[in-house]
Amino acid sequence: GNLAYRIIQESTSTDYAKVAITGLSTSGKAQSSLQVIVQSTVTHNSTIYAIDYIGTRAFDKCTNITGLDVRYGLKTIYQYALRGCTNLSYVRLPSSITRLGDHCFYGCSALKNVYIAKGNPADVSIADETCLPGNSGMTLYVPRTHTNSVELWKSKLSASGCGSKFSSVVKS
């Protein structure tokens, strides 16, 4: 695959084994243009691991990444995780996301569209305004199934200092 992982927890009687994404694999680095798809699980040596987070600096300055599509299960994108991915144009985040670390998308100058499947951002921690690039004209797409999702996200973004980073917040 295109991703590199680190085991962070072996399976127990009460919880699944977990891994963290640490970056691109050799094959991922070799591609000139790459849409990264983070699945919910990965299998290694017959063990199924839940993907828990994208680690600090995992994709730092990976200019070949054009898109990031994260499936349900991932909870955190740590600081500097995608900093300087200058060709990253869109990000799709699951409803399971609970934390966006500082500078996680900083310097992603092509980022225009952010899709998030979580209607109510009450349990999402946004480090501060540095988690997003200073791009103008970005659009945040929120679920249409949640009645107040636009208002809730606008309030959350404003409170974290990110309100001015998006030209619009719309239901999709």
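Refer to the structure above for everything that follows.
What you see is a predicted model, and the numbers here were worked out from it, not measured in a lab.

Rules behind the numbers
- Residues numbered from 1 in each chain as written.
- Predicted model: local features only at pLDDT ≥ 70, side-chain atom pairs only at ≥ 80, totals over all residues.
- Heavy atoms only, no water.
- Buried < 20%, exposed > 50% of the residue type's maximum accessible area, 1.4 Å probe, protein only.
- Helix = DSSP H or I, 4+ residues; strand = E, 2+ residues; numbered from the N terminus.
- Arc of directions from axis to C-beta.
- Contact = heavy atoms within 4.5 Å.
- Pairing = 2+ DSSP bridges.
- Axes fitted to C-alpha atoms, helices over the stretch in contact; angles between N-to-C directions.
- 1 Å grid on protein atoms, 1.4 Å probe; cavity = no way out; pocket = protein on both sides within 12 Å on 5 of 7 lines; lining within 4 Å.
- Points joined across faces, edges and corners; volume = space filled by probe spheres on them.
- Nonpolar A, V, L, I, M, F, W, Y, C, P; charged D, E, K, R; others polar.
- Core = buried A, V, L, I, M, F, W, Y, C linked by side-chain atoms within 4.5 Å.

Chemist: Help me understand helix H2 (residues 149-159), please; the structure alone is not making it clear to me.
Modeler: Counting along an α-helix, one turn takes 3.6 residues, and residues three or four places apart therefore face a common direction. Turning to H2, its buried residues number three or more, namely Ser149, Val150, Trp153 and Leu157. All buried residues of H2 project into a common sector of 95° when viewed along the axis, lining one side. Exposed and facing more than 90 degrees away from the buried side of H2 are Ser158 and Ala159. Among the structural elements, strand S10 (113-116), strand S11 (125-126), strand S12 (138-142) and strand S13 (166-171) are those in contact with the buried residues of H2. One or two positions beyond H2, positive phi appears at Gly161, with a value near 85°.

Chemist: Is there a simple way to explain the sheet that holds S10 in this structure?
Modeler: Two pairing modes exist for strands in a sheet, parallel and antiparallel, and in both the strands are linked by backbone hydrogen bonds. With respect to topology, six strands assemble into an open sheet ordered S3-S6-S8-S10-S12-S13, the strand pairing being parallel. Of all the strands in the sheet, just strand S3 (34-38) and S13 have a single pairing partner and so form its edges. Strand-to-strand twist of the sheet, defined as the mean angle between neighbouring strand axes without regard to direction, takes the value 15°. As paired elements, S3 and strand S6 (residues 65-70) share five bridges and run parallel to each other. Across the sheet, residue Val36 finds its bridge partner in S6, namely Leu68. Across the sheet, H2 lies against S10, S12 and S13, angled at about 150° from S13, the strand it touches most.

Chemist: What exactly am I supposed to notice about unusual backbone geometry here?
Modeler: The phi angle of most residues is negative, glycine excepted, and most peptide bonds adopt the trans form. Although it is not a glycine, Asn45 sits at a positive phi angle of roughly 50°. For Asn45, a relative accessible area of 64% corresponds to the exposed category. One non-glycine residue with positive phi stands out, namely Arg57, at about 60°. Position of Arg57 among the secondary structure elements: in the loop between strand S5 (47-54) and S6. By relative accessible area, which is 42% here, Arg57 ends up partly exposed.

Chemist: Would you mind showing me how to read empty space enclosed by the protein here?
Modeler: Here the idea is plain: a probe the size of a water molecule rolls over the atoms and shows the empty space left. Taken as a whole, this structure holds one cavity of 30 Å³ or more when the rule is applied. Its volume calculated, the largest cavity comes out at about 110 Å³. Lining the largest cavity are 13 residues; nearest its centre among them are Leu100, Val114, Leu132, Leu140 and Phe166. Only S10 and H2 provide two or more residues apiece to the lining of the largest cavity. Its residues placed into classes, the lining of the largest cavity shows 13 nonpolar, no polar and no charged.

Chemist: Looking at this model, I keep getting lost on the nonpolar core. Mind explaining?
Modeler: For soluble globular proteins, the rule of thumb is that nonpolar side chains tend to be buried together. Ranked by size, the top nonpolar core spans 46 residues in total, and within it Phe59, Ile77 and Phe105 carry the most contacts. Among the elements that line this core, the one with the most residues is strand S2 (residues 17-24), at four residues. The residues contacting Phe59, other than those within four sequence positions of it, are Leu3, Ile21, Gly23, Leu24, Val36, Ile54, Ile65, Ala81, Leu82, Arg83 and Cys85.

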